[in-house]
Amino acid sequence: MRGSTLRAAGLVTVVLAGLLGSAFALGRSLMPDPHPSAAGVATTLGPRYGEQPPSTDFPGGTASARPSPDAAPDAAPVKPGGDGPYGALVATGSSRVALTFDDGPDPRWTPQVLALLAQYGVRATFCVVGENVEAHPDLVRSIVAEGHTLCNHSWNHDINLGKRSPATIRADLLRTNDAILAAAPDARIAYYRQPGGAWTPSVMSACADLNLTPVHWSVDPSDWKAPGATTIEAMVRSQMGPGAIVLMHDAGGDRSGTVTALQQLLPELLARFELEPLPVGSP
Ligand SMILES: [Zn+2]
């Protein structure tokens, strides 16, 4: 029965191929992410930033509500008062929750995030990258005009900025602040977030010098990896709690999953928490 033998052989081939495919997919999902610089694929949507570096590189690579064991008091010249890496903020200080959106502004995704926030009457914080601010000052004005607050996220998302000279770090942060103020002269810039969470004592010193509060996060759905809306939603739900600072991205790649997840999450979060932008009022 050559026909049935062939069919059986074909079936075995299909099953084997399926198993191999699953194993390959599983292997890929278990593999650590390559270094951010290798992860990016150029798009026409503007700069694409690698995000979090391997967590072993920096104490800030992993989110924690507890002080990092690496953040020994004598290692950090400045203790900003938070419980994150080197004292960076990882909580709002109240039961209120803060949503933060990093790496923009981006002409495709930032307006979609702004529209959703407006639809639900939620104000948030945007951690903007200087070169994107310079390219899209109108979006910075929209962010400010709609009552959101701003956070400096460096000039061009240099993950290794914290390892550079104090003068280089200071110049980078100042250049970004200047671009924000050129776009929106009335903006208050009270926060800085280090790209990749790669905090160093030098970055902390620059923040203290420039009167910027270092802000980390406590909820990280890794949306920059574009894992899909369902995964982003599940990760936010599982990590969320009172006082959380949530890290999401409105730029740096395909953020359709983030936008879809936000649409689902906003009503849920509003039912459980009061949402606030990180405050920039006088201390
Ligand atoms: Zn970033």
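How each quantity is defined
Residues numbered from 1 in each chain as written. Predicted model: local features only at pLDDT ≥ 70, side-chain atom pairs only at ≥ 80, totals over all residues. Heavy atoms only, no water. Helix = DSSP H or I, 4+ residues; strand = E, 2+ residues; numbered from the N terminus. Contact = heavy atoms within 4.5 Å. Buried < 20%, exposed > 50% of the residue type's maximum accessible area, 1.4 Å probe, protein only. Arc of directions from axis to C-beta. Core = buried A, V, L, I, M, F, W, Y, C linked by side-chain atoms within 4.5 Å. Phe/Tyr/Trp six-rings, centres within 6.5 Å; stacked < 30°, edge-to-face > 60°. Lys NZ or Arg CZ within 6 Å of the ring centre and 35° of its normal. Expected span 1.5 Å × (residues − 1).

Regarding the environment of Ile-143
Looking at where Ile-143 falls in the secondary structure, it is placed in helix H5 (residues 137-145). Spatially, the C-alpha atom of Ile-143 lies 9.5 Å from that of Arg-123, the residues being 20 residues apart in sequence. Excluding residues within four positions of it along the chain, Ile-143 makes contact with Thr-110, Leu-114, Phe-126, Val-128, His-148 and Leu-150.

Describing H5
Those residues of H5 not exposed but buried are Leu-139, Val-140 and Ile-143. What you see down the axis of H5 is that its buried residues fit within an arc of 105 degrees, all on one side. Lining the buried residues of H5 we find helix H3 (110-119), strand E2 (125-128), helix H4 (130-135), strand E3 (149-152) and helix H6 (166-183). With its phi angle positive at about 90 degrees, Gly-147 sits one or two positions after the end of H5.

A look at the pairing of strand E1 (residues 98-102)
Of all five residues in E1, five are buried; the element is thus mostly enclosed. Burial of the side chains of E1 extends over both faces: Ala-98, Thr-100 and Asp-102 are buried on one face and Leu-99 and Phe-101 on the other.

Focus on the nonpolar core
One finds Leu-99, Phe-101, Leu-117, Phe-126 and Leu-173 to be the most contacted residues of the largest nonpolar core, which totals 52 residues. Counting residues in each nonpolar core, the second largest holds 11 residues, with Cys-127, Ala-190, Trp-217 and Leu-278 among its members.

Thoughts on the packing of aromatic side chains
A complete count under the given rule lists two aromatic pairs for this structure. Measuring from ring centre to ring centre gives 6.0 Å for Tyr-192 and Trp-199, while their planes differ by 80 degrees; the resulting arrangement is edge-to-face. Considered together, Tyr-192 and Trp-199 belong to a single accessibility category, that of buried residues. Positioned above the aromatic ring of Trp-155, the side-chain terminus of Arg-175 is 3.8 Å from the ring centre.

With respect to the side chain of Gln-194
Looking at the element boundaries, Gln-194 is found in the loop between strand E4 (189-192) and helix H7 (201-209). Residue classification places Gln-194 among the buried residues on the basis of a relative accessible area of 0%. Residues in contact with Gln-194, not counting those within four places in the same chain, are His-153, Asp-158, Ile-159, Leu-161, Gly-162, Trp-199 and Val-203.

Some remarks on H6
Over its 18 residues, H6 runs 26 Å from end to end, which matches the ideal 26 Å to within 8%, given 1.5 Å per residue. Of all the residues in H6, the buried ones are Ile-169, Asp-172, Leu-173, Thr-176, Asn-177, Ala-179, Ile-180 and Ala-183. All buried residues of H6 fall inside an arc of 160 degrees around its axis, so they share one side. Of the residues in H6, the exposed ones pointing more than 90 degrees away from the buried face are Pro-166, Ala-167 and Ala-182. Where H6 is buried, its residues contact E2, H4, H5, E3, E4 and H7.

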